Amino acid sequence: MKLLATVPESDMLIFSPRDPKYTVTVFTDVDCAYCRKLHSQIAEYNRLGVRVRYMFYPRSGPNTESWTKAEQVWCSTNRNDALTRAKLGEELKSPKSCGNSPVGRDYAMGQPVRYPRYARHRHE
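Cut-offs applied
Residues numbered from 1 in each chain as written. Predicted model: local features only at pLDDT ≥ 70, side-chain atom pairs only at ≥ 80, totals over all residues. Heavy atoms only, no water. Pairing = 2+ DSSP bridges. Helix = DSSP H or I, 4+ residues; strand = E, 2+ residues; numbered from the N terminus. Axes fitted to C-alpha atoms, helices over the stretch in contact; angles between N-to-C directions. Contact = heavy atoms within 4.5 Å. Buried < 20%, exposed > 50% of the residue type's maximum accessible area, 1.4 Å probe, protein only. Core = buried A, V, L, I, M, F, W, Y, C linked by side-chain atoms within 4.5 Å.

### Here we look at the sheet that holds strand E1 (residues 13-15)
In step 1: Taken in spatial order, the 3 strands of this open sheet run E1-E3-E2, and their pairing is mixed. In the strand order of this sheet, the two ends are held by E1 and strand E2 (22-28), each with one partner. Each strand axis lies, on average, 20° off the axis of its neighbour in the sheet, ignoring direction.
In step 2: Along the sheet, helix H6 (residues 103-110) contacts E2 and strand E3 (50-56); its crossing angle with E3, the most-contacted strand, is approximately 100°.

### Observations regarding unusual backbone geometry
In step 1: Its identity is not glycine, yet Asn-63 carries a phi of approximately 60°, on the positive side.
In step 2: Mapped onto the secondary structure, Asn-63 falls in the loop between E3 and helix H4 (65-75).
In step 3: Residue classification places Asn-63 among the exposed positions, given a relative accessible area of 77%.

### Describing the nonpolar core
In step 1: With 19 residues, the main nonpolar core has Leu-13, Val-52, Tyr-54, Phe-56, Val-73 and Leu-83 as its most contacted residues.
In step 2: Looking at this core, the elements with two or more residues in it are E1, E3, H4, helix H5 (79-87) and H6.
In step 3: The residues contacting Tyr-54, other than those within four sequence positions of it, are Met-12, Leu-13, Phe-15, Val-26, Thr-28, Leu-38, His-39, Ile-42 and Leu-83.
In step 4: In terms of nonpolar packing, the next biggest core, distinct from the first, is built from 5 residues, Leu-4, Val-7, Met-12 and Met-109 among them.

### What about the environment of Asn-80?
In step 1: Here Asn-80 lies in helix H5.
In step 2: Of the residues examined, Asn-80 reaches a relative accessible area of 24% and is grouped as partly exposed.
In step 3: Taking the C-alpha atoms as reference points, Asn-80 and Tyr-54, 26 residues apart in sequence, are found 9.7 Å from one another.
In step 4: Leaving out residues up to four positions away in the same chain, Asn-80 has contacts with Leu-13, Ile-14 and Phe-15.

Structure follows, in structure tokens:
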């Protein structure tokens, strides 16, 4: 929580209802099927009062197609719309890089995250 608190919301993509009751921060990958499923239900989460703050976590790492897509989302004029379109598999026309994007920082933040011992064993 302390680490997440260091990230300004201006460096996140936020989907929010008018008066949120809850906030969830999600590390997301444009190409992840589970991430796409969660995002396909974003309107319902918002309807229920859940604000979703997205940070980027291209699981395949730097210099990959997923990384480039994350940067293209960030470089878009309407980032929320671009994220939605990218998760639907649409090709984005925005530049591959636009200077300082948070993709590298977000990815680095997600690296040390580990599942608790019980969760690791349940899924092996």
